[in-house]
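# Report on the structure
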Amino acid sequence: MHWKPDRQSHLTVHVQIVEWMKTRIERGDWTVGTKLPTQRHLAAQFEVNRSTINLVLDELKADGLLESKIGSGTFVANNSWNVLLDKSQPNWQQHIEASIHKPNYHTIQLINECEQNDNIIRLGTGELSPELLPTKQIEHSLKSLSLESRAIGYSEPQGSKKLRSILCEYLKKRGIETAPENILIVSGALQALQLIAVGLLEEGAIIFQEHPSYLNSIHPFQSAGMRMIPVQRDDNLTNTLRVAKRKRQSLFYCVPTLHNPTGRNWTIEERKALYSTCKQLQIPIIEDDVYHELLFESSSPALKSFDQSGQVLYVGSVSKTLSPGLRIGWIVAPEPVIQRLADIKMQTDYGSSAFSQEIVAHWIATGLYESHILQLREQLKLRATFVEEILEQQFQHIATWEKSEGGFYIWLRFNEPIVNKALFLNLLKKNVLINPGYIYDTSDLHHIRLSYAYASLEELKEGLNILMELTRR
Ligand SMILES: Cc1ncc(COP(=O)(O)O)c(C=O)c1O
C-alpha cells in the first residue's frame, strides 16, 4: 500500500481516503471478509491523525461497506458489493415511477407474460388462433408481389398512396366515401389512438367512453393526462355529455360494431342517436371499427357513413381479420387532422412498415382479403356455437350471456361477484388464462371476456371445464 492522500488536491484528506477504500472494495482488491490494517497502521501509512481514520471507518461502516467484529478488528462487509452497485447505478425505479406513460394493470402484465407460454389455455385472447391466420396463403401471395424499387423504402408521411387508394374503394362498401388525402396509414389501430391522444387534445380534455371500455385496458389517453368519463347505456346521452363537457375539450370514443369487451352491436337507432347528439354538441367521435368484417349476419352501418361534416375519426385495422403482426391500420379524417397526425407519426416512427403495406394492398386489391374473411366468419361462427353449447350445458345456473353476433367475444356474467384477482390467479395455477372484467371496469367482479377466437376447440372445452370447477367452489 503505497498510496497517500494528495495534500494539494481540492478534496479533503478524509474524502480521498474514503474514495480510495471504496475503489479497493469495488475493484475486488479487498474482497468480502478482508481484514483491514489497524487504525494506527493506516494513520501511519496515510500520514494522518488517527481521528481522521476513525471518521473514515465510521462513515464506511454507516454505509454498510465495513463492519467491526469486537476484539477482532474491521472487515469488508458481506453486503458491500450490493451497497456499491446500488450507489453506482442510476435509480431506474425512480425514473420509471416518475415517467409519463401509465403502466399496464398487474393483471394485464401477467396476461401478456403468460400468453408466451405454449401450455396455457387462453380463454380470453383477443387474437385469431394460429390455425385461423392465413399464414400459408400470405406466404404464397408473397411470390406474386412485384415490388418497385421505392416500395420498401420509407413511405410517404401518410403511408403508401397505393394502399390509401385501394382503401378508398374498399371503404365504399362500408358506406364511407373518402379520398387518399383523408387517410393515414398507421401501425395498428392502437397507434391511431395514441396519435389522436397526443396530436389533437389538450391536457385535461375529456374522453367519453362506453362502460365498460377497451380504453381502460390500455392507457393512451390517460397517460396523456386526459379525464375518462364512462357513459352508461341507459344514461340520458344529451344531458350527460352537455353537463360533463362544460368548457373542456372533449371527444367520444366508441366501438359500436362488435364492441370490445362485450361483443355487443349497437342498433341503428343507437348509432344515429349518438351521432346526432355529438354533432349537436360539437363533440368529435372516434369510431373504432376493427371488428366490423366479422359480423355473422347483417351488417350495421358505420357512424362514419352518416358523417357529412368531418365529425367522425374512423379507425380500422387488419389485426383482427388478416394478421396482427403486419401492424397495419388506418384513420379516416378531415385533411388537417390527417396532416397533423402524419406529422407526429413521422416524428414517432418514420411511417409504418412499407413491406406490410404492400402485402395489405395486394390482399385487398386482388380480393384475397374478402374471400379469406368469408371463410374466417364461418370458422368463428362454428367456434361461437361450440362455446355457447358448453355454456348452456354447464353455466346456465350460475351465469348469463348474450348470443354472439360476430367477432371474438362473449361477455359472460356470473350471478355472484366472484371474478376477482384470486380467481384469475387460481385459474392461472391450472394453466387457464382469462380476461377478467375488472380490467375494463375496475369495479366489475361479475364478468369474464371469453374469446372463442384463439384456443382450439379441445382447449376451449377443457378450459371451460376448469373455469366451471373453480367457480363452483
Ligand atoms: C377495439 C380495439 N381497438 C383497437 C385494437 C388494437 O388493434 P391493433 O392491433 O390494430 O393495434 C384492439 C385490439 O385488441 C381492439 O380490440
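Residues numbered from 1 in each chain as written. Predicted model: local features only at pLDDT ≥ 70, side-chain atom pairs only at ≥ 80, totals over all residues. Heavy atoms only, no water.

An unreviewed UniProt entry lists the protein under the name PLP-dependent aminotransferase family protein, with Heyndrickxia sporothermodurans as the source organism. The UniProt entry for the protein carries the following text under Cofactor (unreviewed entry): "pyridoxal 5'-phosphate". (UniProt positions renumbered as here; feature names shortened; annotations may be inferred.)

On to the overall build of the protein. Along its length, the protein carries 17 helices and 15 strands. Taken over the C-alpha trace, the protein has a radius of gyration of 30 Å; the compact-globule value for 473 residues is 23 Å, which it surpasses by more than 25%. When its C-alpha atoms are laid out on the principal axes, the protein stretches across 95 × 55 × 55 Å. Split into buried and exposed, the 473 residues of the protein put 52% on the buried side. If you take every contact in the protein between residues at least 6 apart in sequence, the share linking residues at least 24 apart comes to 72%. On the protein, roughly 23,400 Å² of surface is accessible, and the fraction owed to carbon and sulfur atoms is 50%. With 50 positive and 53 negative side-chain charges, the protein shows a spacing of 4 Å between the two charge centroids. (Helix = DSSP H or I, 4+ residues; strand = E, 2+ residues; numbered from the N terminus. Rg over C-alpha atoms; globule rule 2.2 N^0.38 Å. Buried < 20%, exposed > 50% of the residue type's maximum accessible area, 1.4 Å probe, protein only. Contact = heavy atoms within 4.5 Å. Areas by Shrake-Rupley, 256 points an atom, 1.4 Å probe, with all protein chains shown as cover. Lys, Arg positive; Asp, Glu negative; His and termini not counted. Charge placed at Lys NZ, Arg CZ, Asp CG, Glu CD.)

So, about the UniProt feature "domain: HTH gntR-type" (unreviewed entry) in the protein. Sequence positions flagged by UniProt for "domain: HTH gntR-type" (unreviewed entry) are, in local numbering, residues 11-79. The span residues 11-79 is 51% helical and 12% strand by assignment, and the distance between its end C-alpha atoms comes to 27 Å.

Burial of strand S5 (residues 206-210) is extensive: 5 of the 5 residues sit out of reach of the surface. The pairing of S5 with strand S6 (residues 227-231) spans 5 bridges and is classified as parallel. Paired with Ile207 across the two strands is Met228, which belongs to S6. In terms of strand pairing, S5 meets strand S7 (residues 250-254) through 4 bridges, oriented parallel. Across the sheet, residue Phe208 finds its bridge partner in S7, namely Phe252. (Pairing = 2+ DSSP bridges.)

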